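# Topology and contacts: notes
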Amino acid sequence: MIPKLLGFSFTMLLAFTSGNPEIKDGFIGNSDPSGDWKIVRNDQGVQTYFRWVTKDDGTEYRERKGEVIASCTVQEALQMISNSESIKKWMANIEEHYNLEYVSADKWINYTLFHIPWPFSNRDLVSVYQLNTDPVKETATLIISCKDTHIPLKKGITRLTDYHAKWSLVKRGEQSTRISMTMSSSTPPIFPRYIQDPIIEKVFHGNLVRLKKALEE
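In this report, we go over the structure that sits alongside the text. Everything numeric here is computed off the predicted structure, so don't read it as measured data.

On to the environment of Asp-197. Inspection of the secondary structure assignment puts Asp-197 in helix α4 (residues 193–216). Sequence-distant contacts of Asp-197, defined by excluding residues within four places in its chain, comprise Arg-62 and Arg-64.

Here you go:
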């Protein structure tokens, strides 16, 4: 069963925490100071990290972060992480991904269906994308959160309802952009952490490596 998990690029969206991150104004937040970021992996131009965050009730959850410097513009990076067709170029195991509603020019709602190997059920996600840009500084922030509406639950498919992420894009040069992605979820681990965490890290890092390559093709 464990080797099957290696193909789970859906763990970009699955839980690696056992607490409940608080959401404040769309950001992943906590009331107690966060722990220091600890680097997990640094290769192929991608650095990945994790840290523990403690809530008021004493429970802890993990945040993960990935950082990439890609040879592209901020607009090209934004297109790659937000466009339905572009996402399929670097995130595997996506069976469906499309727009449900454009709320405004900087806010929209997407639907994603992930094909997950047996013995687990497929999973889907209704997500709100909130975009903030600064044309002067040439930066962009994209916040993604769950919204359990718009599409009724589907038979045999588990709905993800507690995923939160933040992408930060910062111009470094005419063809250079720093990409940072932080994510968290409250779903309990499927397996003990000593088994699950290395697998999740492998997938998380691999998706960001593919993102960098897709941007520089």
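Moving on from the coordinates now.
In the sheet, strand β8 (residues 122–134) pairs with strand β9 (residues 139–146) via 8 bridges, with the strands oriented antiparallel. Residue Ser-127 lies in a different strand from β9, and its bridge partner there is Cys-146. Connecting the antiparallel pair β8 and β9 is a turn made up of 4 residues, with Glu-138 showing a positive phi of about 60°.

In this structure, Gln-44 takes a positive phi of about 55° despite not being glycine. Mapped onto the secondary structure, Gln-44 falls in the loop between β3 (38–43) and β4 (46–54). With a relative accessible area of 48%, Gln-44 lands in the partly exposed category. Located in the positive-phi region is Glu-138, a residue other than glycine, with phi close to 60°. Tracing the chain through its elements places Glu-138 in the loop between β8 and β9.

This part covers the packing of helix α2 (residues 74–82) against α4. At a minimum axis distance of 10 Å, the contact between α2 and α4 shows a crossing angle of 130°. Between α2 and α4, the angle is such that the two are oblique. The hand of the α2/α4 crossing is right-handed. Along the contact surface, α2 presents Glu-76, Ala-77, Met-80 and Ile-81, while α4 presents Leu-211, Ala-214 and Leu-215. Among the residues making up the contact of α2 with α4, the classes are represented as 6 nonpolar, no polar and 1 charged.

With 8 bridges connecting them, strand β7 (residues 107–114) and β8 associate as antiparallel partners. Across the sheet, residue Ile-109 finds its bridge partner in β8, namely Val-128. When β8 meets strand β10 (residues 157–160), the two strands line up parallel, connected through 4 bridges. Opposite Asn-122, over in β10, you have Ile-157 as the bridge partner.

This paragraph deals with the side chain of Lys-65. Inspection of the secondary structure assignment puts Lys-65 in strand β5 (residues 60–70). With residues near it in sequence (within four places) discarded, Lys-65 still touches Trp-37, Gln-47, Thr-48, Tyr-49, Ser-180, Met-181, Thr-182 and Phe-204.

Each aromatic ring pair is described using two quantities: the centre-to-centre distance and the angle formed by the ring planes. Under the defined criterion, the tally for this structure stands at 3 aromatic pairs. Ring geometry for Trp-90 and Trp-167: centres 5.9 Å apart, planes at 80°, overall edge-to-face. One end of the pair, Trp-90, is in the loop between α3 (84–87) and β6 (94–104); the other, Trp-167, is in strand β11 (residues 163–173), with 77 residues separating them in the sequence. Taken individually, Trp-90 and Trp-167 each receive the classification buried, so the pair is uniform in this respect.

Reading the values: the criteria
- Residues numbered from 1 in each chain as written.
- Predicted model: local features only at pLDDT ≥ 70, side-chain atom pairs only at ≥ 80, totals over all residues.
- Heavy atoms only, no water.
- Helix = DSSP H or I, 4+ residues; strand = E, 2+ residues; numbered from the N terminus.
- Contact = heavy atoms within 4.5 Å.
- Pairing = 2+ DSSP bridges.
- Buried < 20%, exposed > 50% of the residue type's maximum accessible area, 1.4 Å probe, protein only.
- Axes fitted to C-alpha atoms, helices over the stretch in contact; angles between N-to-C directions.
- Parallel < 35°, antiparallel > 145°, perpendicular 65-115°, else oblique.
- Left-handed = near helix turned anticlockwise from the far one by under 90°.
- Nonpolar A, V, L, I, M, F, W, Y, C, P; charged D, E, K, R; others polar.
- Phe/Tyr/Trp six-rings, centres within 6.5 Å; stacked < 30°, edge-to-face > 60°.

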